[in-house]
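Read off the chains here:
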Amino acid sequence: MPAVIDKIAEALHLHKNRSTVASTPAFDEKKVTVIFVLGGPGAGKGTQCARLVQDHDFCHLSAGDLLRAEQHREGSEYGQLIQTCIKEGTIVPMEVTVKLLEKAMKAAIAEKNSEGWEDGRGRFLIDGFPRKMDQAEMFEQEVCKPSMVLFFTTTEEVMLERLLERGKTSGREDDNVESIKKRFRTYKEQTMPVIEQYEKLGKVAEIDSSVTIEEVHEKAKVAVQKSLARSN
Ligand code: C5P
Ligand code: MG
């Protein structure tokens, strides 16, 4: 698929150019709180983010949802690249995802003016990101440093069951056994090292997400409150 390879090369070239320029992050971590939400596919990230939004007026940005929207956006030059990566369970070149997130964050800060969102302030749950070390590095360098990582864990059996159930109605091209197996592999090989890195920095709150949505939410809420109290 030469068109896809061209896109990857193009993305890597962009990155090469960028890394020669020392940049300051677009957002000041003192004004903008970023919480990364990680865990395997089907661990409950999206479900828990929806609950946490109600507690703290977060803006919830799912990297996967942003990528799917970009895939279907008319005139997008990344449509085919994103589709292939999603189906194969591989990681989309970081420039694409980081730029989508930065754009969405800027838009939320410009639009929202409720409490906690005044004077360029904001708080974000960035769901399903960073999935790979290079995404974490680029985001910290160019966008913002995260205050913490919420890490939802359960077994592959539970995740598989949830994803197959979701697949009955999600219309997602990757909620099938073949893609799910590839996603599990990518998670273990690429995402776990990111979580381990943040663990070393003491930024990870690990929460068992095998139990009910309410029980998981209670624990996640406490972890988020602690982190917000520290950064206030
Ligand atoms: O998080 P979600 O399961 O919706 O992500 C779907 C797919 O989007 C991933 O399997 C991957 O192909 C792509 N993705 C990515 N980088 C991210 C998040 C998602 O490449 N940070
Ligand atoms: Mg999700």
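The protein carries the name Uridylate kinase in an unreviewed UniProt entry, which gives Marasmius oreades as its organism.

Trainee: Just give me the short version of the site of ligand 1, but keep the residues and values in it.
Mentor: Around ligand 1 sit 16 residues, and of these R68, T90, V92, G128 and R172 come closest. Contacts to ligand 1 include R131, whose side-chain N or O atom sits 3.0 Å from an oxygen atom. At a separation of 3.1 Å, a nitrogen atom of ligand 1 approaches a polar side-chain atom of Q135. Contact with the protein chains hides 96% of the accessible area of ligand 1, taken as 460 Å² for the molecule alone. Those elements giving two or more residues to the shell around ligand 1 turn out to be α3 (63–72) and α4 (79–88). It is α3 that provides the largest number of residues to the shell around ligand 1, a total of four residues.

Trainee: Please provide a residue-by-residue account of the nonpolar core, values included.
Mentor: The biggest cluster of nonpolar side chains holds 30 residues, and the ones touching the most others in it are M105, F124, I126 and F139. Looking at this core, the elements that each hand over two or more residues are β1 (32–39), β2 (59–62), α5 (94–111), β3 (122–127), α6 (133–142), β4 (148–153) and α8 (177–200). Element by element, the count of residues in this core is highest for α5, at seven residues. Look past the residues within four positions of F124 in its chain and what remains in contact with it is V32, T33, V34, I35, F58, C59, L61, M105, A108, I109 and W117. Formed by 21 residues, the second largest nonpolar core is a distinct cluster that contains M148, F152, A220 and A223.

Trainee: So what's going on with the packing of helix α7 (residues 156–170) against α8? Residues and values would help.
Mentor: Here α7 crosses α8 at 140°, and the two axes come no closer than 11 Å. Here α7 is positioned oblique relative to α8, judged by the angle of their axes. For the pair α7 and α8, the sense of crossing is right-handed. The segment α7 lies against α8, with E156, M159, L160, L163, L164 and R166 engaging V177, I180, R183, F184 and K188.

Trainee: Please provide a residue-by-residue account of the UniProt feature "binding site: ATP" (unreviewed entry) in the protein, values included.
Mentor: The UniProt record annotates "binding site: ATP" (unreviewed entry) at G42, A43, G44, K45, G46, T47, R166 and V211. One can find V211 in the loop between β5 (204–208) and α9 (213–231). Judged by relative accessible area, which is 34%, V211 ranks as partly exposed.

Quick notes on the rules
Residues numbered from 1 in each chain as written. Chains lettered and ligands numbered in written order. Predicted model: local features only at pLDDT ≥ 70, side-chain atom pairs only at ≥ 80, totals over all residues. Heavy atoms only, no water. Near = heavy atom within 4 Å. Polar contact = N/O pair within 3.5 Å; in protein donor to acceptor, adjacent residues only side chain to side chain. Areas by Shrake-Rupley, 256 points an atom, 1.4 Å probe, with all protein chains shown as cover. Helix = DSSP H or I, 4+ residues; strand = E, 2+ residues; numbered from the N terminus. Core = buried A, V, L, I, M, F, W, Y, C linked by side-chain atoms within 4.5 Å. Buried < 20%, exposed > 50% of the residue type's maximum accessible area, 1.4 Å probe, protein only. Contact = heavy atoms within 4.5 Å. Axes fitted to C-alpha atoms, helices over the stretch in contact; angles between N-to-C directions. Parallel < 35°, antiparallel > 145°, perpendicular 65-115°, else oblique. Left-handed = near helix turned anticlockwise from the far one by under 90°. UniProt positions renumbered as here; feature names shortened; annotations may be inferred.

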